[in-house]
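For reference, the chains in residue letters:
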Number of protein chains: 4
Amino acid sequence: MAIILGGNRYGKAENRIVRIYRDTPRHEIRDLNVSTALRGDFADAYLTGDQHSVLPTDSQKQTAYSYAKEAGVETIEGYGLALASHFVDEFEPIEQARVEIEEYLWDRVSVGGVEHDFTWVRNGQEVRLASVTVEGSGAQRRVWVTGGLKDLVILKSSGSEFHGFLKDPYTVLEPTNDRIMATSLVAGWRFGTTDVPWDERYAGIKRILVETFASLHSLALQQTLWHMGRNVLEAYDDVVEVRLSAPNKHHFLYDTQRFGVPNDNEVFNADDRPYGLIQATAIRDDAPDAGPAWDAYTGLV
Amino acid sequence: MAIILGGNRYGKAENRIVRIYRDTPRHEIRDLNVSTALRGDFADAYLTGDQHSVLPTDSQKQTAYSYAKEAGVETIEGYGLALASHFVDEFEPIEQARVEIEEYLWDRVSVGGVEHDFTWVRNGQEVRLASVTVEGSGAQRRVWVTGGLKDLVILKSSGSEFHGFLKDPYTVLEPTNDRIMATSLVAGWRFGTTDVPWDERYAGIKRILVETFASLHSLALQQTLWHMGRNVLEAYDDVVEVRLSAPNKHHFLYDTQRFGVPNDNEVFNADDRPYGLIQATAIRDDAPDAGPAWDAYTGLV
Amino acid sequence: MAIILGGNRYGKAENRIVRIYRDTPRHEIRDLNVSTALRGDFADAYLTGDQHSVLPTDSQKQTAYSYAKEAGVETIEGYGLALASHFVDEFEPIEQARVEIEEYLWDRVSVGGVEHDFTWVRNGQEVRLASVTVEGSGAQRRVWVTGGLKDLVILKSSGSEFHGFLKDPYTVLEPTNDRIMATSLVAGWRFGTTDVPWDERYAGIKRILVETFASLHSLALQQTLWHMGRNVLEAYDDVVEVRLSAPNKHHFLYDTQRFGVPNDNEVFNADDRPYGLIQATAIRDDAPDAGPAWDAYTGLV
Amino acid sequence: MAIILGGNRYGKAENRIVRIYRDTPRHEIRDLNVSTALRGDFADAYLTGDQHSVLPTDSQKQTAYSYAKEAGVETIEGYGLALASHFVDEFEPIEQARVEIEEYLWDRVSVGGVEHDFTWVRNGQEVRLASVTVEGSGAQRRVWVTGGLKDLVILKSSGSEFHGFLKDPYTVLEPTNDRIMATSLVAGWRFGTTDVPWDERYAGIKRILVETFASLHSLALQQTLWHMGRNVLEAYDDVVEVRLSAPNKHHFLYDTQRFGVPNDNEVFNADDRPYGLIQATAIRDDAPDAGPAWDAYTGLV
């Protein structure tokens, strides 16, 4: 009945790396939040404080910044693959490296209708996400890549119903044939290959998610999520799984009738808490094992 | 040497009102955060707890929601004027009403290239602001309206210098002829009249602020702010004052040279804190007195 | 190669339930943030929008509030067990119910040295956590309970070293024999039984975590975390696993020497980002399988 | 009708300075967030970008850190006075310097009942505040000091009524003789002198604010605030004005009666938004002019 060291990892979180491409007068910007996490043979550091196998988190930071130039950030997935591979390839004790990236998107400013060469406004629609996990060497090498997005706030003011649900003594909710449906979407998708046109795929997936949310006449947020995920898988063979998490941001019809003021789905209170939280996965039945692809660094190990 | 009741006000803050216009199949959305604050003859409530002159904050809330239908929200300034006037006109003890509004902007979704009738994605570029303060009745009636924005994150990767500054024994900063300049802009502008095409004016002012930031070759954030404010005043006669507050969001060139990796203004660390904070006002020399126009409800009274 | 519905769950997140015990003049307060998540046979809701098996998230909310009185909140773990069991027991389609609770702690106010009966100040040291997962019926019934805490900000200004680490070309960090070590601790512990004196155990575990952080002369945050977890397991047989996640909140010695001002570990800059992030698990080698105990609702399903 | 430069200031915001006193084995900690703002003859920087009169915000930062050793941080008010005076005294163009400080408080850890020499847990009850504004030289020198606190979350589960208020057609609120009253208090107090035992005064004022909130049987939050402020002024001659801002954090009685579950002020929903916001000032009728004492740097200039 011994007490043993279980799961563990360590790294440097939230390196705020901004990469400017300025080889021509028209600059490009990549604005990243990069976290690196290593797993491997680090038991001595935990058990006795012996650091001989520990690459300092500061060294990981230096590498992450330097690789923004050395490997470049043409795409965040490409950058993540280079950085994660470096850690696994160069250091004996490191068995697995995970790189998680948030990318903040920017809109190029126009001046008098002409796009400016080096000025942008931050586009706040959503944050783009990617994770790369690299494990093992040579024939044992395995790689998982996920893309994703968060904070995509989307709302439809019609085309959403909710009725026919299970009822119990605590059920006081009225069924409805017309309501606001709104969420702040979190989505993740797992690739079955690393041979992907990353930026083009991101744009395509976001487009499908948004268009499905808009187009599908919804009987429940559950149904909407499923179709969003399924439509992505139907469109892109290189994606094998889509996971969606969607708070149901309730917009309650405000009772102005008691003041003699009609309110035909026109005035709502956007409530903060509580909120419904609906989660769904669409996956190919022959998808390879997810392995550590979804082991987010922000959670407990 | 008595102790007396000084400045005071009370109201209901952060009513999250969403107004949908659905008179045609193509809906419109106005997504607001509305706060109301009243000043007047409320000493009894403070001194003895006697509420006879106090319109409950709950009643202010009900009115704010109901007015989203009764007065409508064609523009936030128009809605704010109606709501603030109501409070001053209807209740003897209320001498001044202030309505502060944040508006969250939405982009209409396109599906297959066609704009959708009732689905939007939240546009996160900036939050639009307005305040309306109404005071007194009849000939004593006075009204102040301000517009504004916040959270406009804007960055230029060139066209910014900083040198020639005062030096003291604590000055270790190196002068530079080329740096990143970035800020998360807060701007407020005061109108000299209420006869304004509100939405058109908002769009125009935002355009001028952004275009000036982009176009002006900057020797300091101070200089950039001044020209942003001045250009707004030069463009629009109905604006009498512009106030700007701009954190200098430092992007420090990362030292990758020590790893043999050149870095010609290409890789930066986007730092969180501390940050420079620069504030400026451009005002007409014949501007009427600001009165309570800038007494934000979020501060101490 | 069909596309199928994978992992899914749904529920109501962040019910802000405050329970006052007022059976005697001396009140007690329990201040909770409760989330409920259900798994089961809900495929129809996702695939076709048919809600016949779906207990609305609103009904879950009503039950959560009503159970604060019906079952009471003597302890959050006891309340969670009652609520989760209710969902699994009462509804055929529900196969698993998870209840996650944050508890905000309050200090009783003293007036003139005497404890007040019904006034408290929020104690901001940490947030207490619990999760209860209930699955199956009768002989198939399984239950997992975890406790935890977050936002415990703890700092030692000496007694911490870091040296002897792996070096590579990106390693510029200087070894140190005396540094500030600070973190904002997240901890979770899994119980092997439900026969636990919950509040007493919470207090004991927090005490061990804090005392170990203080007492252990640290060679690395890794070592400190391991000993914190191990000491909890050694003290309490009913705990089978401890998971710890600890940002290394860097305090960098400020270079005031260049101004002729000595700084012998006296003036530091508390940096925001990036930060080291160290995670560790201490577990009994005969611990039962964790099952869904750690499947936090906040992550992707 | 020229356009002119109006109010302006600039500085370095949110220097996160941690000062450890370690002259004896028993360390002490002062954990600060310091902002400096300068006013003066800086028109050239704004109008033409000429920086000859501008002390860089980076130099202000260096000074703020160095002064944590040079002047020390025995009290935050003392430190702020030294730092603000330095800026005004040393630089011709600087006419006014303002230093704003947030102090995060820490509780010393006990191990086995014995206080530890150098380990603390962050006390999250409230954040302590101070501002120092220094203007002019020699006989023209003027100084304003304010203290304060924020984020003090305080709740009473009885002893609070609200009735007898003004009614209009939008008034649907029910009067009550027993409700929860809770707020997250922001308080500021202005001193009439700089000869003050700063830490002792802070402790005393916080105690009075908390004890008054607890003890006063409340007919309205307005009344409670007034008495909190007045009681501070009655206790301390060196304080001339107290400003209070208090969100009324609504706790709504939850309707469990419809499920046959009685709820005698036992189960509440702690709502987020909207909230009442009540502000009051207690001031001596012979208080000197507040001047710039309340011109918070976070607002528009």
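Undergrad: Could you clarify how one ought to interpret the interface of chain D and chain C in this entry?
TA: Many descriptions give the size of an interface as the accessible area lost when the pieces come together. Counting from both sides, the interface comprises 49 residues of chain D and, opposite them, 49 residues of chain C. When residues of the side of chain D that touches chain C are traced back to their parent elements, those giving at least two are strand 2 (9-21), helix 2 (57-70), strand 4 (94-111), strand 5 (114-135), strand 6 (142-156), helix 4 (198-215) and strand 10 (267-270) of chain D. The residue inventory of the side of chain D that touches chain C, partitioned by class, reads 24 nonpolar, 16 polar and 9 charged. In the sheet, strand 2 (residues 9-21) of chain C pairs with strand 10 of chain D via 3 bridges, with the strands oriented antiparallel. The residue of strand 10 of chain D that forms the bridge with Arg19(C) is Val267(D).

Undergrad: Would you mind showing me how to read the interface of chain D and chain B here?
TA: Each partner contributes to the interface: chain D provides 81 residues, whereas chain B provides 81 residues. For the side of chain D that touches chain B, the secondary structure elements donating two or more residues are strand 1 (3-5), strand 2, helix 1 (43-47), helix 2, strand 7 (181-191), helix 5 (221-235), strand 8 (239-248) and strand 11 (275-284) of chain D. In terms of residues, the side of chain D that touches chain B owes the most to one element, strand 11 of chain D, which gives 10 residues. Residue classes in the side of chain D that touches chain B are distributed as 38 nonpolar, 26 polar and 17 charged. Examined bridge by bridge, strand 11 (residues 275-284) of chain B and strand 2 of chain D share 5 bridges and lie antiparallel to one another.

Undergrad: So what exactly am I meant to see when it comes to the pairing of strand 6 of chain D here?
TA: For a regular strand, side-chain orientation follows a simple rule: the groups alternate between the two sheet faces. Burial of strand 6 of chain D is extensive: 11 of the 15 residues sit out of reach of the surface. As paired strands, strand 5 (residues 114-135) of chain C and strand 6 of chain D are joined by 3 bridges and run antiparallel to one another. Bridge pairing links Thr119(C) to Lys156(D) in strand 6 of chain D. Turn length for the strand 5 of chain D-strand 6 of chain D hairpin, with the two strands adjacent in sequence and antiparallel, is 6 residues, and the turn residue Gly136(D) shows positive phi of about 75 degrees. Bridge count between strand 6 of chain D and strand 7 of chain D: 9 bridges; the pairing is antiparallel. Its bridge partner lying in strand 7 of chain D, Leu152(D) is registered against Leu185(D).

Undergrad: What is the right way to read the relation of the copies chain D and chain C from this model?
TA: Superposing chain D onto chain C takes a rotation of 180 degrees combined with a translation of 0.0 Å along the rotation axis, leaving an RMSD of 0.0 Å. What the rotation and shift describe, once combined, is the action of a two-fold rotation axis. For chain D, the residue whose C-alpha comes nearest the rotation axis is Gly124(D), separated from it by 1.7 Å. An overlap of 100% is found between the interface residues of chain D and their copies at the interface of chain C, pointing to a shared contact surface.

Undergrad: For this particular structure, what's the right way to read the environment of Gln257(C)?
TA: All names here are of chain C. Turning to its location among the elements, Gln257 is positioned in the loop between strand 9 (251-253) and strand 10 (267-270). As for Gln257 and Asn33, which are separated by 224 residues in sequence, their C-alpha atoms are 48 Å apart. The contacts of Gln257, once residues within four sequence positions are left out, are Pro262 and Asn263.

Undergrad: Looking at this model, I keep getting lost on the relation of the copies chain D and chain B. Mind explaining?
TA: Copy one and copy two of the chain differ by a rotation about an axis and a translation along that axis. Note on the copies: chain D fits chain B at an RMSD of 0.0 Å, the axial shift is 0.0 Å, and the rotation between them is 180 degrees. When the interface residues of chain D are mapped onto chain B, 100% of them are again interface residues, pointing to one common binding face.

Undergrad: For this particular structure, what's the right way to read the packing of helix 4 of chain D against helix 5 of chain D?
TA: Angle between the axes and distance between the axes: these two values describe a pair of packed helices. Residue and element names in this part refer to chain D. Across the interface, helix 4 lies against helix 5 with an axial gap of 9 Å and an inter-helix angle of 145 degrees. Read as a crossing pair, helix 4 and helix 5 show a hand that is right-handed. Residues Gly204, Ile205, Ile208, Leu209, Thr212 and Phe213 of helix 4 touch helix 5, and the partners they reach there are Thr224, His227, Met228, Asn231, Val232 and Ala235. The residue makeup of the contact of helix 4 with helix 5, split by class, is 7 nonpolar, 5 polar and no charged.

Undergrad: Whenever I open this one, the pairing of strand 3 (residues 28-40) of chain C confuses me. Can you help?
TA: Residue and element names in this part refer to chain C. Strand 3 sits mainly inside the fold: 11 of its 13 residues count as buried. In this sheet, strand 3 lies alongside strand 2 in antiparallel orientation, the contact comprising 10 bridges. When the sheet's bridge partners are listed, Arg16 is paired in strand 3 with Asn33. Where strand 2 hands over to strand 3, the hairpin turn is made up of 6 residues, counted between the paired strands. As paired elements, strand 3 and strand 4 (residues 94-111) share 10 bridges and run antiparallel to each other. Looking at strand 4, one finds that Asn33 is bridged to Glu102.

Undergrad: What am I meant to see in the domain arrangement of chain A here?
TA: Residue and element names in this part refer to chain A. Assigned domains within chain A: domain 1 (1-140) and domain 2 (150-287). Of the residues lining the interface, 9 residues belong to domain 1; the matching set on domain 2 comes to 8 residues. Elements that contribute at least two residues to the side of domain 1 that touches domain 2 include exactly helix 3 (76-90) and strand 5 (114-135). When residues of the side of domain 1 that touches domain 2 are assigned to their parent elements, the largest contribution, 5 residues, is made by strand 5. In the side of domain 1 that touches domain 2, the residues fall into 3 nonpolar, 3 polar and 3 charged.

Rules used throughout
- Residues numbered from 1 in each chain as written.
- Chains lettered and ligands numbered in written order.
- Predicted model: local features only at pLDDT ≥ 70, side-chain atom pairs only at ≥ 80, totals over all residues.
- Contact = placed C-beta atoms within 7 Å.
- Helix = DSSP H or I, 4+ residues; strand = E, 2+ residues; numbered from the N terminus.
- Nonpolar A, V, L, I, M, F, W, Y, C, P; charged D, E, K, R; others polar.
- Pairing = 2+ DSSP bridges.
- Buried ≥ 20, exposed ≤ 12 C-beta atoms within 10 Å, placed from the backbone.
- Least-squares fit on C-alpha atoms with pLDDT ≥ 70 in both.
- Axes fitted to C-alpha atoms, helices over the stretch in contact; angles between N-to-C directions.
- Left-handed = near helix turned anticlockwise from the far one by under 90°.
- Domains from an automatic or database assignment.

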